[in-house]
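Remarks on the overall topology
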Amino acid sequence: MGTLLVIAWRNLLRGWRRSAVVMLAITVGLSACLLMVGWSHGLLRQMIDNAVSTRLGHLAVLAHDYQKNPDVQRNLPDGGRAIVAELERFPGAHASARIVGDGLLQSARRSSRVVLVGVDPMREARVSTVSRALIEGRMPLAVVTTGSRRLPGMAIGAAMAERLRVKVGDKVVVHAPGEVGLGAYRVSGIFRTSSSEFDRSHAYLRIEDAQRLLSVPDRVTEVAVLLDDPDRLPEFQAFATSALAAALPDAAPDVLTWKEREPRLAAMLGLMADLTWIIYGAVFVAMAFGIANALLMMVYERIREFGMLRALGLQSSRLLALVLLESIVMTVFGTLIGLAVGLPIVLWLGHVGIDLTSFANDLTEFGIGTTVYTRIELRDVLLPVVVALVTAVLAALWPAWKAVRLRPAEAIRHI
Amino acid sequence: MARRILEAVEATKVYRAGALETRALDAVSIAIEGGEFSALCGPSGSGKTTLLNLLGTLDRPTSGRILVDGEDTTEMGEAARAELRLRKLGFVFQSYNLVPVLSAVENVEFVLLLQGLPRAERRARALRYLDELGLGELAHKRPGEMSGGQQQRVAVARAIASEPEIVLADEPTANLDSKTAEDLLHLMLRMNQDRGVTFLFSTHDPRVMAHARRIVRLVDGKIASDELRSP
């Protein structure tokens, strides 16, 4: 094998122009692959991270069947305090009880459908990044005094504020189902998250105010949990399920991960994995043709040499190995250069991000934000190396077979 | 009586190109014995290279049999024929046909590598044969850095280094000038006389014929004469 490797290597040097072109194609293709995969993963990861850190949490405890039929009457008892206490026994778990209901938000000029989220702002800050996304004012306060009337506070999204044409300190009225069903609030803060859809539809109240408005005193619809270590989610889900079953045998709440709460988002992860294969597939099919073409040329140029080697007694398996080795050596070098070029770029863009302010509106619709940070995992690096080598072997099989099929007597006299 | 190394029995070779059939060799029978220094002669198209290719198991006869060292190769698979060539036959081609990316010593070593000789032994043997053929100083040159005559001598070294039963040489002097061709012939003659290496040439070069001790003339795919000459 050593001598065959030497022959393969020297032949690549002998036809260095052709080898360089093929290696360049592999390098560019692989770098582009890494960039596209890094970009796609970064995009999706940001979408997921933003959804998890604003509304989903890594895991949520919901009243039984609330996921299927989100009605405020399907709720958890005791203001969710017992559940929060149970869940926070798990190291690195931060829980916040929420009451979530639908309503209509009205300003002096306009109205808009709204998702009302009642929270304890202090607890919520440990589970959600909404408080950190405030661009003005504060999270809901007990009382906001502006002018003559003292009203409870409410934080709304920037898109909602624009739609209702309100600013911090302005009064808004909420209509909600329930016996009370009506309440006046003052805008205490305006937030802008990376999702314009979220900002357009969500309003935060103090949990007591929301419970009163929705006529479900001391009740919550969910307890959201954020973990310091998201990798421990399966372990935490098992813990939460058994802990709550023991602590609240009558409530039988549902314990759902973010993937279970947002199956479409989870499905996109699977889709991204498929997309990665499609990207690699497209690039490597093109690469395969390049390699096969170069090797076919090489075989045709060296028919006499191969004929001579066969005449000397070189077994066809070794001749096959020789051609495959030339392909593999060429691909390994192209792949290594591709990784050396592409990986630092992807890692750098993962650090500084790609500023897409000009596309900001489109991206925030998907909850991504204005800067995309590329993200690459070990498997994204290893996969193309493996696929490249498999491609190299497959692409070389045809030329190699041509070489093996040569009849020595004719090949030796080939001009 | 010397051992029969190669033998063709009623060997016929017909080339087909569409409806056109060309009978390159017509029921030729011939035996080559150990120690010979023989030449297959004849004009172009007489079938000498075809016969050499059949005897060297590089091609298969349309009918008839080819025996190498008494073993019938007619029904042998390609792998077995390659193994037979590796162990028992040496080749020298008209166009030298060295591996261009290997040095002289590596070219000679290559066949020894295929034979499975240990690295140290094959390097020593390759250098010994190159020295013997006056190529010691060129051992580490690649074919592109050598003259045609030097390349052909490396090809001879490669052919005999594997210590085959016979060396088959197809027009070995065709691309060489008179002086180089003469030197090469003397070299091969010396190998024949000193080491007992058997040579069979396919040639129409009078210089080769002048040194050959047996001349087999082919005309239109048939043996026209088979003449033994004293040294």
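Residues numbered from 1 in each chain as written. Chains lettered and ligands numbered in written order. Predicted model: local features only at pLDDT ≥ 70, side-chain atom pairs only at ≥ 80, totals over all residues.

1. A few points about the overall build of chain A
Going by this rule: We count a stretch as a helix when DSSP gives it H or I for four or more residues in a row; a strand needs E for two or more, and each element gets its number in order from the N terminus. Counts of 20 or more other C-beta atoms within 10 Å of a residue's own C-beta define buried residues, counts of 12 or fewer define exposed ones, and intermediate counts define partly exposed ones; C-beta atoms are placed from the backbone. By definition, residue pairs are in contact when their C-beta atoms, positioned from the backbone, come within 7 Å.
When helices and strands are tallied, chain A shows 15 helices and 14 strands. Relative to its 415 residues, chain A shows a buried fraction of 45%. Put simply, of all contacts in chain A between residues at least 6 apart along the chain, 81% involve residues at least 24 apart.

2. Side note on the confidence of the model for chain B
Where we set the bar: Confidence of the predictor at the level of single residues is given by pLDDT, which spans 0 to 100.
Chain-level statistics for chain B give a pLDDT mean of 90 and a share of 99% at 70 or above. Predicted complex metrics record ipTM = 0.89 and pTM = 0.69.

3. Focus on the pairing of strand 3 (residues 111-119) of chain A
Residue and element names in this part refer to chain A. Test applied: The criterion for strand pairing is that DSSP finds at least two bridges linking the strands in question.
The sheet contact formed by strand 2 (residues 93-106) and strand 3 spans 9 bridges and is antiparallel. Across the sheet, Leu105 pairs through a bridge with Ser112, a residue of strand 3. From the end of strand 2 to the start of strand 3, which pair antiparallel, there are 4 residues. The pairing of strand 3 with strand 10 (residues 202-206) spans 5 bridges and is parallel. Within strand 10, the position partnered with Leu116 by the bridge is Ala203.

4. Points about the sheet that holds strand 7 (residues 166-170) of chain B
All names here are of chain B. Rules: For every element, the axis is a line fit to its C-alpha atoms; helices are fit only across the contacting stretch, and the angle between N-to-C directions ranges from 0 to 180 degrees.
The 6 strands are arranged 6-7-8-3-9-10 in an open sheet whose pairing can be described as mixed. Looking at the sheet topology across the chains shown, the edges are occupied by strand 6 (89-92) and strand 10 (222-228). Each adjacent strand pair in this sheet contributes to an overall mean axis angle of 15 degrees, direction not counted. Strand direction decides the pairing type here: strand 3 (residues 37-41) and strand 9 (residues 214-219), joined by 4 bridges, are parallel. Bridging across to strand 9, Ala39 finds its partner in Ile215.

5. A look at the packing of helix 10 (residues 263-301) of chain A against helix 12 (residues 316-352) of chain A
All names here are of chain A. Formally: Angular relationships are summarised with four words: roughly parallel below 35 degrees, roughly antiparallel beyond 145, roughly perpendicular across 65 to 115, and oblique for the angles in between. Throughout, a crossing is termed right-handed when the near helix is turned clockwise from the far one, and left-handed when it is turned anticlockwise from it by less than a right angle. Throughout, the ten residues Ala, Val, Leu, Ile, Met, Phe, Trp, Tyr, Cys and Pro are labelled nonpolar, Asp, Glu, Lys and Arg are labelled charged, and all others, Gly among them, are labelled polar.
Running from amino to carboxyl end, helix 10 crosses helix 12 at an angle of 135 degrees, the nearest separation of the two axes being 11 Å. It follows from the interaxial angle that helix 10 and helix 12 lie oblique. As helix 10 runs across helix 12, the sense of the crossing is right-handed. Between helix 10, through Ile291, Leu295, Met298 and Val299, and helix 12, the contact on the second element is made entirely by Val323, Glu326, Ser327, Met330 and Thr331. Within the contact of helix 10 with helix 12, the residues separate by chemical class into 6 nonpolar, 2 polar and 1 charged.

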